[in-house]
Amino acid sequence: MIRHLAFAALAFVAACATTPAPTLPSNASIDAEAARLMAREDVKGMAIAVIDNGQIIHVAAYGFANVAENRPLDLDTVMYGASLTKTAFAYMILQLVDEGRLDLDRPMHEYLPRPLIEYEDYTDLAGDDRWRLLTARHVLNHTTGFLNFRWIDEDRRLRFHRDPGAEYGYSAEGFYILQMVLEEGLGLDVKAEMQRRVYDRFGMTRTSMQWRADFRPNLADGYGIDGTYEPHDERSNISAAGSMDTTIADQARMWAGIVRGEGLTRASRAELTRPQFPVQSAHQFPSFRPDRDPRGPAINLSAGLGMITFADANAGPMWFKGGHNDFTGNMVVCQDASQRCVVLLANSVRAELIYPEMVRFVFGETDMPWWWEYNPG
């Protein structure tokens, strides 16, 4: 059974860089295509939201939150947001920038009451003064020079693999530092700021940076690539890099608000998705792999703030953000000029096998670099 909300069709033709935005498929046809692809790839549960002209026009959920319990996934089922958290966090950061409380290009250590290397989690950096160069911009456009996680290195120690600002390399480690800057340097409660500035702003009543007991009755468990079951992780620690629990209904509200730029100055909304730093790698992971692909420069593949941007031949500026672990697959793809987004959440990582076709079905052909986002490793 499909769980969905119906929205009145919008009479809307958006101006974009080169050609008018094509007509979107009907909600019924989107549901049918989702069902077809999910059956083909044995996707246990998936949800979708479609946004057009900054307004939600379709939200639907399919499959199961828990297969063994025969419990359906619905619009209010709490799912793991994973690294979609990073974009929500970047959006909150830009509000602080608008208020003059944070400068994206000021070295982060200047906000802290003591040197970064005196904090327990960062003593590994002693003897390498490049920590003094790190800025919030480096964090948000993934140019800190850190690997994604320190434990990827054999000795599990934090170190610079590139100079800050030298090369794109996806990293959660920088987000941990920026979160600490807000907490230790600015005296902010990150959970409360995210709740007030993002989740409350967009009416996201079933979204939180920390586990809530009221999520338990309607919660999605996870399924791996081989169908392996994994119970939902009740995350007690707040992480700017990826602790958000959420629903498809709430994510529809958030991304509609983000694409409209609600709560930001026009300058900050533009900064969010501005191509700030070229992405040269042939694949997203692992960070700093040396291979290159000419398709990246051809579409100006670049880091924005908490997302990746590119120039589509037909739609003009586009951007996207994924969220992934072994039991979760999330993806948001947006077209800036038409303020269109496809938001996809799944408690089955096998959904990533169908996302390219699902986005193509809604948007038509685009230059979305699936070859970079999803790769064999």
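The structure reproduced in this document is the subject of the present report.

Scoring rules and cut-offs
- All residue numbers refer to position in the chain's written sequence, counted from 1.
- Two thresholds apply to this predicted model, a pLDDT of at least 70 for residue-level local features and 80 or more for giving and counting side-chain atom pairs, whereas whole-chain, interface and lining totals are computed over all residues.
- Excluding hydrogens and water, the side-chain figures rest on all heavy atoms present in the structure.
- In what follows, salt bridge is the name for a side-chain nitrogen of Lys or Arg lying within 4 Å of a carboxyl oxygen of Asp or Glu.
- In this description a helix means any DSSP run of H or I spanning at least four residues, a strand means any run of E spanning at least two, and both kinds are numbered starting from the N terminus.
- Exposure categories follow from relative accessible area, calculated using a 1.4 Å probe and restricted to protein chains: below 20% of the type maximum is buried, above 50% is exposed, and the middle band is partly exposed.
- Two aromatic rings, drawn from Phe, Tyr or Trp (for Trp, its six-membered ring), form a pair once their centres lie within 6.5 Å of each other, and the interplanar angle then sorts them: stacked below 30 degrees, edge-to-face above 60, tilted otherwise.
- Counted as over-ring charges are cases with an Arg CZ or a Lys NZ within 6 Å of the ring centre that also lie within 35 degrees of the ring normal.
- When checking whether two residues touch, look at their non-hydrogen atoms; a contact exists if any pair is within 4.5 Å.
- To obtain each axis, a line is fitted to C-alpha atoms, and for helices this fit is confined to the stretch in contact; angles are then taken between N-to-C directions over 0 to 180 degrees.
- Just so you know how the angles are binned, under 35 degrees is roughly parallel, over 145 roughly antiparallel, 65 to 115 roughly perpendicular, and the rest oblique.
- Crossing handedness is read from the near helix: turned anticlockwise from the far helix by less than a right angle, it gives a left-handed crossing, and turned clockwise, a right-handed one.
- Each residue gets one label: Ala, Val, Leu, Ile, Met, Phe, Trp, Tyr, Cys and Pro are nonpolar, Asp, Glu, Lys and Arg are charged, and the others, such as Gly, are polar.

### Remarks on the pattern of salt bridges
Step number 1: All chains considered together, the criterion is met by 34 salt bridges.
Step number 2: R196 is the partner of E193 in a salt bridge, and the nearest nitrogen-oxygen pair spans 3.0 Å. Residue E193 and its partner R196 are located together in helix α5 (residues 190-199), separated by 3 residues, close to a single helical turn.
Step number 3: The exposure class of E193 is buried, given its relative accessible area of 10%.

### A closer look at the packing of aromatic side chains
Step number 1: Counting across every chain of the model gives 12 aromatic pairs.
Step number 2: A ring pair is formed by F146 and F160, whose centres lie 4.7 Å apart and whose planes are at 25°; its orientation type is stacked. With F146 in the loop between α3 (136-140) and α4 (173-185) and F160 in the loop between α3 and α4, this pair connects stretches of sequence that are 14 residues apart.
Step number 3: Ring centres 5.7 Å apart and planes at 20° place the aromatic pair W370 and Y374 in the stacked group.
Step number 4: Above the ring of Y80, the side-chain terminus of R235 is found at 3.4 Å from the ring centroid.

### Structural notes on the environment of M204
Step number 1: Its place among the elements puts M204 in the loop between α5 and β6 (222-223).
Step number 2: Expressed as a C-alpha distance, the spacing of M204 and L188, which sit 16 residues apart in the sequence, is 21 Å.
Step number 3: Residue contacts for M204: discarding those within four places in its chain leaves Q195, V198, Y199, T246, D250, Q251 and M254.

### A short note on the packing of helix α2 (residues 84-98) against helix α6 (residues 248-260)
Step number 1: At a minimum axis separation of 12 Å, α2 and α6 run at an interaxial angle of 45°. Taken together, α2 and α6 sit at an angle that is classed as oblique. Handedness of the crossing formed by α2 with α6: left-handed. On α6, the residues that touch L84, T87, A88 and Y91 of α2 are Q251, M254, W255, G257 and I258.
Step number 2: Of the residues that constitute the contact of α2 with α6, the class distribution is 6 nonpolar, 3 polar and no charged.

### So, the packing of α2 against α4
Step number 1: Following both chains from N to C, one finds α2 and α4 inclined at 40°, their axes separated by 12 Å at the closest point. Crossing angle aside, the handedness with which α2 passes α4 is left-handed. For the pair α2 and α4, contact is made by K86, F89, M92, I93 and L96 and by F175, L178, Q179 and L182, respectively.
Step number 2: In terms of residue class, the contact of α2 with α4 is made up of 7 nonpolar, 1 polar and 1 charged.

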